[in-house]
Amino acid sequence: MIKLIATDLDGTLMSPDHLTISQRTIDALQQAHNKGIKIAIATGRPMAIIDDVVKQIPFVDYIIYSNGACVFDRNLNCNTYENLIDNSTARDIIEYFVQYPVFFEVYINGKSHYQFGTEDYFVAQDMPQEFLDSIISSMIGHDNILDAVGSSDVEKVTLYSVKSELAEKFTQMLCRHNLSVASSFTDNIETTSSTANKGEAINGICKSLGITADDTMTFGDAGNDCDMLRFAKYSFAMGNATDECKAAAKFVTLSNAQDGLAVAVEKYALGI
């Protein structure tokens, strides 16, 4: 019996505009929640750009953000889990990245920070402009990004539009620092603590609820979703998912444009 549903956002729960959730999907998740099934969203986004999602599904119980670095329990109104990049390591890798022509974000306390002067390296991604504008407007710019870091540990660092000749170099450097490396779209690199990922975060929620992977349903479309897809008994890659994601999942559903999440929830959680 399914007791927890956890879903990625972009490319999965969200419609192709990255901003809205279809009514069929909202209705399916609402019916599941009414049956007592807990609902979690699991995203690479920081907390700062999740409000518009939660307004559409206000019944959601957990927010797993920054690729599993943090879990926010909406019923307790606090973070119940944090798995961060320690300050020393974060400063080392940031000092490394600022030497290169690349745009990156640093997630600290649920907010995104970047260094002024790197904006020109942010090449328009294959995403709707309205969504890109919402991301950019949420970022906080600094003359020196290390001033933003200060003595804080860091949730995640996200790099955009990484040139192919730099991608392997960056990945090798992050691995030498014993950090986890993932990607959620083309030319993107995301790094967190070595043990921070969506699968570990969901496992922690399961333990707190006294349930197991056999009671869990997960949905995703990209590389940063693979850990939670491998974890759950009922895991679904979207029809628009990467090959890596489909290989990690137990099932493949329709695309996010075709309400693939709702189709699976209706069949396996609601028995419709």
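Residues numbered from 1 in each chain as written. Predicted model: local features only at pLDDT ≥ 70, side-chain atom pairs only at ≥ 80, totals over all residues. Heavy atoms only, no water.

Strand order in the open sheet formed by 6 strands is β8-β7-β6-β9-β11-β10, with mixed pairing between adjacent strands. Because the sheet does not close on itself, it has two edges, and the strands there are β8 (140-142) and β10 (179-182). Sheet twist, expressed as the average angle between the axes of neighbouring strands with direction ignored, equals 25°. Bridge count between strand β6 (residues 103-108) and strand β7 (residues 111-115): 3 bridges; the pairing is antiparallel. Directly across from Tyr107, in β7, lies its bridge partner Ser112. (Pairing = 2+ DSSP bridges. Helix = DSSP H or I, 4+ residues; strand = E, 2+ residues; numbered from the N terminus. Axes fitted to C-alpha atoms, helices over the stretch in contact; angles between N-to-C directions.)

This next bit is on the sheet that holds strand β3 (residues 62-65). One open sheet accounts for 8 strands, arranged β5-β4-β3-β2-β1-β12-β13-β14; its pairing is mixed. Two strands lie at the open edges of the sheet, namely β5 (78-82) and β14 (251-252), each paired on one side alone. For strand β1 (residues 4-7) and strand β12 (residues 216-220), the ladder comprises 4 bridges, and the chain directions are parallel. What sits directly across from Ala6, in β12, is Thr218. Along the sheet face, helix α8 (residues 198-209) touches β1, β2 (38-42), β3, β4 (70-73) and β12 and points at about 155° away from the line of β3. (Contact = heavy atoms within 4.5 Å.)

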